[in-house]
Each structure stands twice: as C-alpha cells, then as structure tokens.
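Commentary on secondary and tertiary structure
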Amino acid sequence: MLSALRAQVNAELLRLEVNRRPALRRSDDPEALLATDLPLASSEETAEGFVRRLRELGWRVWTAANGWLLLDAPVPAPEAAMSALPAGECGCCVSILRRHPDDGDASGMIRALVKAADAGRQPFERLCSQLHRQLAALLRRREPLPSALLPYLCQAYHDLYDRRNQP
C-alpha cells in the first residue's frame, strides 16, 4: 500500500537536479508516512519546488527538527476486504471491526498499519497485537471503533501472507 505512494514521491525526486540522490524512507514520525533528506541534498529553491509539487498532488509536507521533510498523504482505500478471516492478532482485529462497525477516526491507525506492513511480517504482527488491545479498550469504554481500518488490515494481511512469492 505504501509502495505506490513511495513511487509517486520517487518520481518527483528523480525529476530534480540535486548534488546527490536524496534518501527516502518510512518516517519514524507517527504523523507522516515518509521522510526525505532533500533539503540537505539540494538548493533551497529546489526543495521549495519539490514541496510545492507534492502539495499540488495532495501531500502534506513539513520540515522536521533534523532538516528532513516529513511527507504524508491519504492512503487510497483497498478495493475490497477479504471474505476469509485472517489468522492471529490480525484476525482478531478484523473480527472485532466486522462485528462492531462504527465511524471512529482511523487515520493515525491506517498510517501506522501501512508503515508496519511495509516493514514486514514481524512489525505488522506487533502492530496488530497493539491494535487488538486498543480495539478491546475502545469496546469496553463504548467508544467508536475505526471501521475504516478494516480493508487496510485485510489488504496488508493479503500482501504479507497470501502472495505465493512471499517467503
């Protein structure tokens, strides 16, 4: 899910004339999907043009204290959720969200899920374990659940476990 967004940013980075190719990685900031050190590898004018272009494409862009640009964009929703229940903690989360549909805010959880899935199976499983506890706590407090997270969970599980080319 993060691959298409990373490719979009990479395409914009490749268009730039820079001293060296800027780094682009998953952001450690919970409010951003990606981060780049473009301001450290280019002129101020080049970096400002890049920021303008990404904002035109719908990205939020801001500068972190270390000089890197933090990048965030809405993650397009996967087309459809799977019919079979995934295994493990992910399956527990899917089950809770299917049984208790609601309209709680899912944006932060979607961002965290996309980054964890991009990092691999272990980070994804750790996040699902945390998410399972958070969903259970929301249910106990009778607070709205982030049902919009459901297709992202299913897609991430499919990408990590159901593809034949995965180890």
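Presented here is a report on the structure given in the accompanying data block.

Another aspect to go through is the packing of helix α5 (residues 107-119) against helix α6 (residues 121-140). For the pair α5 and α6, the least separation of the axes is 7 Å and the interaxial angle reads 155 degrees. Here α6 runs roughly antiparallel to α5, going by the angle between their axes. Every residue of α6 that contacts α5 at Met109, Ala112, Leu113, Ala116, Ala117 and Ala119 is listed here: Pro123, Phe124, Leu127, Leu131 and Gln134. Residue composition of the contact of α5 with α6, by class: ten nonpolar, one polar and no charged.

This part takes up the nonpolar core. By size, the foremost hydrophobic cluster in this structure holds 44 residues, and its most contacted members are Val9, Trp59, Leu71, Phe124, Leu149 and Leu153. Of all the elements in the fold, those that place two or more residues in this core are α1 (2-14), α3 (44-56), β4 (69-72), α4 (88-99), α5, α6 and α7 (150-162). Of all the elements, α7 adds the most residues to this core, at seven residues. With sequence-adjacent residues up to four places away left out, leucine 153 is seen in contact with Cys90, Cys93, Val94, Leu97, Leu113, Phe124, Cys128 and Leu131.

Our next topic: the pattern of salt bridges. All chains considered together, the criterion is met by eleven salt bridges. The shortest N-O distance in the salt bridge between arginine 15 and glutamate 12 comes to 3.2 Å. Glutamate 143 is paired through a salt bridge with arginine 141; the nearest N and O atoms lie 2.7 Å apart. By relative accessible area, which is 48% here, arginine 141 ends up partly exposed.

Analysis parameters
- Residues numbered from 1 in each chain as written.
- Predicted model: local features only at pLDDT ≥ 70, side-chain atom pairs only at ≥ 80, totals over all residues.
- Heavy atoms only, no water.
- Axes fitted to C-alpha atoms, helices over the stretch in contact; angles between N-to-C directions.
- Helix = DSSP H or I, 4+ residues; strand = E, 2+ residues; numbered from the N terminus.
- Parallel < 35°, antiparallel > 145°, perpendicular 65-115°, else oblique.
- Contact = heavy atoms within 4.5 Å.
- Nonpolar A, V, L, I, M, F, W, Y, C, P; charged D, E, K, R; others polar.
- Core = buried A, V, L, I, M, F, W, Y, C linked by side-chain atoms within 4.5 Å.
- Buried < 20%, exposed > 50% of the residue type's maximum accessible area, 1.4 Å probe, protein only.
- Salt bridge = Lys/Arg side-chain N within 4 Å of Asp/Glu carboxyl O.

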